Amino acid sequence: MGPLRFAAAQCQREANGAPLGDGPPLLVTTSVIMHSATAWALLGAGAPPPGSLELAMCVGSFGLRMFGITAGYHRYFAHGSYRTSRPFQFALAVLGASAWQKGPLWWASHHAEHHLHSDSAGDPHSPVCGSLLWAHMGWFWACMEYDAHPAAFQAGRGRVARFRQYPELVALDRFHHGPGIALGALAYAADGLPGLLWGFIVPTVGVWHATFAVNSACHRWGSRRFATTDNSRNNVWVALAAFGEGNHNNHHAFPWSARHGLTWREPDLSYAILRALELLGVVWDLRLPTQEQLERAAARRSLTVNKQAAGPPDKL
Ligand SMILES: [Zn+2]
Ligand SMILES: [Zn+2]
């Protein structure tokens, strides 16, 4: 089933036959423009080449916003993996919003639905139930269809309801394009077209694909350390690009953990930064799995492996 037909079927089911909402032309158009500009920049077809300033802007813009998405939108807003002050909570939300993946409460509630229905019918982005393209970005392009039917994400909304007491977060969720537009304008003001291209557009596309690969690649390719009920995988390449999020099987085993890379061989830059911020007193109460919890989860895995090795029981 193609991504758009899957979206339509999903929406119709969720809405009990209600008519579909408006299509997603704005998101798709923005995406096409951003990808075309990125291809133009990377292929060097007459685009301004990056100097040291542009490269520094590119790395800084990618790194800050990847941290905003992984440590902010994901580990803090969606999973409550640690605690922080109200100003830093807002800073995380602004950083995440500047990556143009919609608002913090929208993002976190959709992600909660992913964990509630991983790789089954209610999962917004599963490469098991839909296509790889759908799981990667198709669901995001079609998200206006979803959003026309609030009932579809009631459970996810409930999970992040506690943040609705903060008017600054509710406002940011509504005007989520603001931080991205401000960052683009700042990059243009600092360095003209090369600044806009390398300081905003290219790293935005980079953060998109690194983030979306967690939903697509990490439910398709990689190793499974824990016997979770979904098809989540640990993928070291995605873990490197997405600051630790590619340790996705670990994450599905311990969704509330602030740490996704559980050994030194599982890279997790966002956790390293969170640890540094903890030492500085900016964040606190980082939640981590205990040794006992790790051993219990590992034992469940060996039980499953042994059952598989033994094969199906004989029919008598
Ligand atoms: Zn997942
Ligand atoms: Zn998660």
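All values reported here derive from a predicted model rather than from experimental measurement.

A short note on the overall build of the protein
Piece 1. Looking only at helices and strands, the protein has 14 helices and 2 strands in total.
Piece 2. Taking contacts inside the protein between residues at least 6 apart in sequence as the whole, the part at least 24 apart equals 68%.

Section: the nonpolar core
Grouped burial of nonpolar side chains is what soluble globular proteins tend to show.
Piece 1. Counting 60 residues, the largest nonpolar core has Met66, Ala108, Val202, Val207, Ala213, Val238 and Ala242 as the members making the most contacts within it.
Piece 2. Considering every element that reaches this core, the biggest residue donor is helix H10 (residues 178–215), with 15 residues.
Piece 3. The residues touching Val207, leaving out its near neighbours within four places in the chain, are Phe62, Arg65, Met66, Ile69 and Ala99.

A closer look at unusual backbone geometry
Piece 1. With a phi angle near 55°, Phe243 is a residue other than glycine that sits in the positive phi range.
Piece 2. Counting through the fold element by element, Phe243 comes out in the loop between helix H11 (236–241) and helix H12 (248–253).
Piece 3. Since 26 C-beta atoms lie within 10 Å of it, Phe243 is described here as buried.
Piece 4. For Asp285, which is not glycine, the phi dihedral falls at a positive 55°.

Regarding the confidence of the model for the protein
Piece 1. Confidence in the prediction of the protein, expressed as mean pLDDT, is 87, and 85% of residues score 70 or more.
Piece 2. When the criterion is pLDDT under 50, residues 1–6 qualifies, and its contacts beyond four places in sequence or with other chains add up to 9 contacts.

Concerning the packing of helix H4 (residues 86–97) against helix H9 (residues 167–174)
When two helices pack together, their arrangement is given by the angle between the helix axes and by the axis-to-axis distance.
Piece 1. Contact geometry for H4 and H9: axes closest at 10 Å, N-to-C directions at 5°. By the criterion of interaxial angle, the relationship of H4 to H9 is roughly parallel. The residues of H9 that touch H4, namely those facing Phe90, Ala93, Val94 and Ala97, are Glu168, Leu169 and Leu172.
Piece 2. A per-class count over the contact of H4 with H9 returns 6 nonpolar, no polar and 1 charged.

Scoring rules and cut-offs
- Residues numbered from 1 in each chain as written.
- Chains lettered and ligands numbered in written order.
- Predicted model: local features only at pLDDT ≥ 70, side-chain atom pairs only at ≥ 80, totals over all residues.
- Helix = DSSP H or I, 4+ residues; strand = E, 2+ residues; numbered from the N terminus.
- Contact = placed C-beta atoms within 7 Å.
- Core = buried A, V, L, I, M, F, W, Y, C linked by C-beta atoms within 7 Å.
- Buried ≥ 20, exposed ≤ 12 C-beta atoms within 10 Å, placed from the backbone.
- pLDDT = per-residue confidence, 0-100.
- Axes fitted to C-alpha atoms, helices over the stretch in contact; angles between N-to-C directions.
- Parallel < 35°, antiparallel > 145°, perpendicular 65-115°, else oblique.
- Nonpolar A, V, L, I, M, F, W, Y, C, P; charged D, E, K, R; others polar.

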